[in-house]
Amino acid sequence: MTISELYLLYLQRPTVTTDSRTCPSGSIFFALKGESFDGNTFAEKALLSGCAYAVVDDASVVKGNRMILVDDVLSTLQQIAYTHRKALGIPVIGITGTNGKTTTKELTAAILSQKYNALYTLGNFNNHIGVPLTLLRLTNEHEIAVIEMGANHPGEISELANIAYPDYGLITNVGYAHLEGFGSFEGVIKTKGELYDFLRKTNGSIFINQENEYLAGIAGNLKKITYGEIASVKNPAPVNNPGPFIGGKTYRRHPFFSFQWQQQGKAIQNVSTNLIGDYNLWNALAAIAIGVYFGVSPEQINKAIETYEPTNNRSQRKITKHNELIIDTYNANPSSMRVALENFAAMKSSPKAVILGDMRELGEKSPELHADIVKQIECDGFDKVLLCGEQFSGTGQKYTCFPSVEKLNEYLENNPLQGYHILIKGSRGIHLEKTIDKL
């Protein structure tokens, strides 16, 4: 069966699943493979559970005409998603970056949803499987799409861009993350820059922080919509800028950050958020720049930002019976760890405690980068410091360190913290969210 024929079948039954445990009636099951599973072995179960068809790439499992044999299930899924995206032809915005891409995506979606029927990436469906699954959620009712793109190795953003085919792109920033896959900081810049490379070939446009020297260095020959510090509003926008410049600055940091923003030549807007950390200013300004470009009013933009509530342990504030917590355990890398610590140190609260977990996938630079974080902690002078993970343990620092979150929890049970303002941050694989109930 050709891709065109499969796409027509999808249009008749526009619900897909890759999980045989979740099989909506009449849906199409795509038998993907993983490191520890082969979806082909679940194809028959998917049909019995409600799926109308199963797309497989193992001839030995084919039983009857409801199983469709293809050369490669993942490639087929991606090609159908690309076909669907091109058939609908709505504007697509691709978002990537080392830090802030999910928050920026969420804020962008909230703003655009004030005016449009917007589809956006749910959760962390931002990889070679998640992006096509997101695109296949598009319907004729949608007017715009916001697609998050993640990467941990070279070529991945290029691959995702060729599936989603964005008309607009945003790289939030570049930093030290996934160095095991990228090889170096330069590798990070090159890989994230694959989004710019794609848009350069397709005559697309980008939203860019004009003060980010790394992004400016790779953004040549692209149509730009810019944002930056409020002081820069006085400066004229670039000649080739097809949209307005957006400037902003923070005016309150605790407990949530509040900021001003201004479209060049227009009234200053004041916004109070439910976000912890003034580093979110850049995420908010990026989302605002996109909203302004697509004609969302300042009043609608402000409403969207002020009512947005962060989820998934991303800079969330939680007041327990004993402490006030800032929970940021979804992910961590040196740049996000650094700004989180800087923001926490600047807060006017006392006493302060930090509970930090290892930053994963940093390769051979990991010891050096963890040691740098320890030096920052020493300079900030927090009242209590607890570290978790092999990398922090290997830095030879003076702080109490635990090999696992389980050992950390044992300590917290025997030495409870009370009356503290606590920052909890680490890579997802450390599972520091398991400490919340102990605090």
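What counts and how
- Residues numbered from 1 in each chain as written.
- Predicted model: local features only at pLDDT ≥ 70, side-chain atom pairs only at ≥ 80, totals over all residues.
- Heavy atoms only, no water.
- Helix = DSSP H or I, 4+ residues; strand = E, 2+ residues; numbered from the N terminus.
- Rg over C-alpha atoms; globule rule 2.2 N^0.38 Å.
- Contact = heavy atoms within 4.5 Å.
- Lys, Arg positive; Asp, Glu negative; His and termini not counted.
- Charge placed at Lys NZ, Arg CZ, Asp CG, Glu CD.
- Buried < 20%, exposed > 50% of the residue type's maximum accessible area, 1.4 Å probe, protein only.
- Pairing = 2+ DSSP bridges.
- Phe/Tyr/Trp six-rings, centres within 6.5 Å; stacked < 30°, edge-to-face > 60°.
- Lys NZ or Arg CZ within 6 Å of the ring centre and 35° of its normal.
- Axes fitted to C-alpha atoms, helices over the stretch in contact; angles between N-to-C directions.
- Core = buried A, V, L, I, M, F, W, Y, C linked by side-chain atoms within 4.5 Å.
- 1 Å grid on protein atoms, 1.4 Å probe; cavity = no way out; pocket = protein on both sides within 12 Å on 5 of 7 lines; lining within 4 Å.
- Points joined across faces, edges and corners; volume = space filled by probe spheres on them.
- Parallel < 35°, antiparallel > 145°, perpendicular 65-115°, else oblique.
- Left-handed = near helix turned anticlockwise from the far one by under 90°.
- Nonpolar A, V, L, I, M, F, W, Y, C, P; charged D, E, K, R; others polar.

Student: Teacher, can you tell me more about the overall build of the chain here?
Tutor: Along its length, the chain carries 16 helices and 19 strands. Over its C-alpha trace the chain gives a radius of gyration of 23 Å, about what one expects of a compact globule, namely 22 Å for 439 residues. Sequence separation of at least 24 residues holds for 62% of the intrachain contacts in the chain that already meet a minimum separation of 6. Taking the 41 positively charged and 44 negatively charged side chains of the chain as two groups, their mean positions are separated by 5 Å.

Student: Whenever I open this one, the pairing of strand 8 (residues 168–171) confuses me. Can you help?
Tutor: Note on strand geometry: in a regular strand, side chains alternate between the two faces of the sheet. A two-sided burial pattern is seen for strand 8, the buried positions comprising Tyr168 and Leu170 on one face and Gly169 and Ile171 on the other. Relative to strand 8, strand 5 (residues 92–96) runs parallel, the two being bridged by four bridges. What sits directly across from Ile93, in strand 8, is Tyr168. Bridging between strand 8 and strand 9 (residues 205–209) involves three bridges; their strand directions are parallel. Paired with Leu170 across the two strands is Phe207, which belongs to strand 9.

Student: Sorry if this is basic, but what is going on with the packing of aromatic side chains here?
Tutor: Between two aromatic rings, the relevant description is the distance of the centres plus the angle of the planes. Per the stated rule, a full pass over the model turns up 11 aromatic pairs. Between Phe207 and Tyr293, the aromatic rings sit 5.7 Å apart at their centres with planes inclined by 85 degrees, giving edge-to-face as the arrangement. Of this pair, Phe207 sits in strand 9 while Tyr293 sits in helix 11 (residues 280–293), and the two are 86 residues apart along the sequence. Among the residues examined, Tyr293 registers a relative accessible area of 26% and is labelled partly exposed. Its end group placed over the ring of Phe344, Lys352 keeps NZ or CZ at 5.5 Å from the ring centre. We note Arg428 situated over the ring of Tyr330; from NZ or CZ to the ring centre the distance is 4.2 Å.

Student: Even after reading the chapter, I still don't get the sheet that holds strand 16 (residues 352–357), so can you show me in this structure?
Tutor: Whether parallel or antiparallel, the strands of a sheet pair through hydrogen bonds between backbone atoms. Strand order in the open sheet formed by six strands is 14-15-19-16-17-18, and the pairing between neighbours is mixed. At either margin of the open sheet sits one strand with a lone partner, and together these are strand 14 (316–319) and strand 18 (400–402). The mean inter-strand angle of the sheet, taken between neighbouring strand axes irrespective of direction, is 20 degrees. Judged from the five bridges that link them, strand 16 and strand 17 (residues 384–388) form a sheet pairing that is parallel. Directly across from Leu356, in strand 17, lies its bridge partner Leu387.

Student: Mind showing me how you'd approach the side chain of Thr329 here?
Tutor: Within the fold, Thr329 resides in the loop between strand 15 (324–328) and helix 13 (334–346). Once you skip the residues sitting within four places of it in the chain, Thr329 turns out to touch Asn313, Ile424, Gly426, Ser427, Arg428, Leu432 and Glu433.

Student: Even after reading the chapter, I still don't get the environment of Ala46, so can you show me in this structure?
Tutor: Residue placement: Ala46 occurs in helix 2 (residues 43–48). Contact partners of Ala46, with chain neighbours within four places excluded, come to Ser20, Cys23, Phe29 and Cys51.

Student: I keep staring at the nonpolar core and nothing clicks. Help me out?
Tutor: One broad trend across soluble globular proteins is that nonpolar side chains are buried collectively. If you look at the biggest cluster of nonpolar residues, it comprises 46 residues, and the most contacted ones within it are Phe30, Leu135, Ile147 and Tyr196. Not counting residues up to four positions away in its chain, the partners in contact with Ile147 are Val92, Ile93, Gly94, Ile95, Leu119, Thr121, Val131, Thr134, Leu135 and Ala164. Ranked by size, the runner-up nonpolar core spans 34 residues in total, among them Trp261, Leu285, Ile301 and Tyr308.

Student: Looking at this structure, how should I read the layout of surface pockets?
Tutor: Empty space among the atoms becomes visible once a probe the size of a water molecule is rolled across them. The volume enclosed by the second largest pocket comes to roughly 270 Å³. Surrounding the second largest pocket, 15 residues form its lining, Val16, Thr17, Phe125, Leu133 and Arg137 being those nearest its centre. Elements with a contribution of two residues or more to the lining of the second largest pocket: strand 1 (16–17) and helix 5 (130–135). Looking at the lining of the second largest pocket, the element that brings in the most residues is helix 5, giving three residues.

Student: Hey, could you run me through the sheet that holds strand 10 (residues 223–229) in this one?
Tutor: Overall, mixed pairing links the nine strands, which are arranged 6-7-5-8-9-10-11-12-13 in an open sheet. Looking at strand neighbours, the two that pair on one side only are strand 6 (118–120) and strand 13 (268–272), the edges of this open sheet. The average undirected angle you get between the axes of adjacent strands in this sheet is 20 degrees. Judged from the four bridges that link them, strand 5 and strand 7 (residues 144–148) form a sheet pairing that is parallel.

Student: Explain unusual backbone geometry here, please?
Tutor: Note that the residue after Ser350, namely Pro351, is joined by a cis bond; omega there is -5 degrees. Along the polypeptide, Pro351 turns up in the loop between helix 13 and strand 16. One non-glycine residue with positive phi stands out, namely Asn203, at about 60 degrees. Inspection of the secondary structure puts Asn203 in the loop between helix 9 (194–202) and strand 9. The class for Asn203 is exposed, based on a relative accessible area of 58%.

Student: Mind showing me how you'd approach the packing of helix 1 (residues 3–12) against helix 3 (residues 73–88) here?
Tutor: When two helices pack together, their arrangement is given by the angle between their axes and by how far apart the axes lie. Packing of helix 1 against helix 3 brings their axes to within 10 Å, and their N-to-C directions diverge by 70 degrees. Overall, the two elements helix 1 and helix 3 adopt an arrangement that is roughly perpendicular. The handedness of the crossing between helix 1 and helix 3 comes out as right-handed. On the side of helix 1, the interface is formed by Ile3, Leu6, Tyr7, Tyr10 and Leu11, while helix 3 contributes Thr76, Gln79, Ile80, Thr83, His84 and Ala87. Across the contact of helix 1 with helix 3, the residue classes break down as seven nonpolar, four polar and no charged.

On their own, these measurements won't tell you what the molecule is for.
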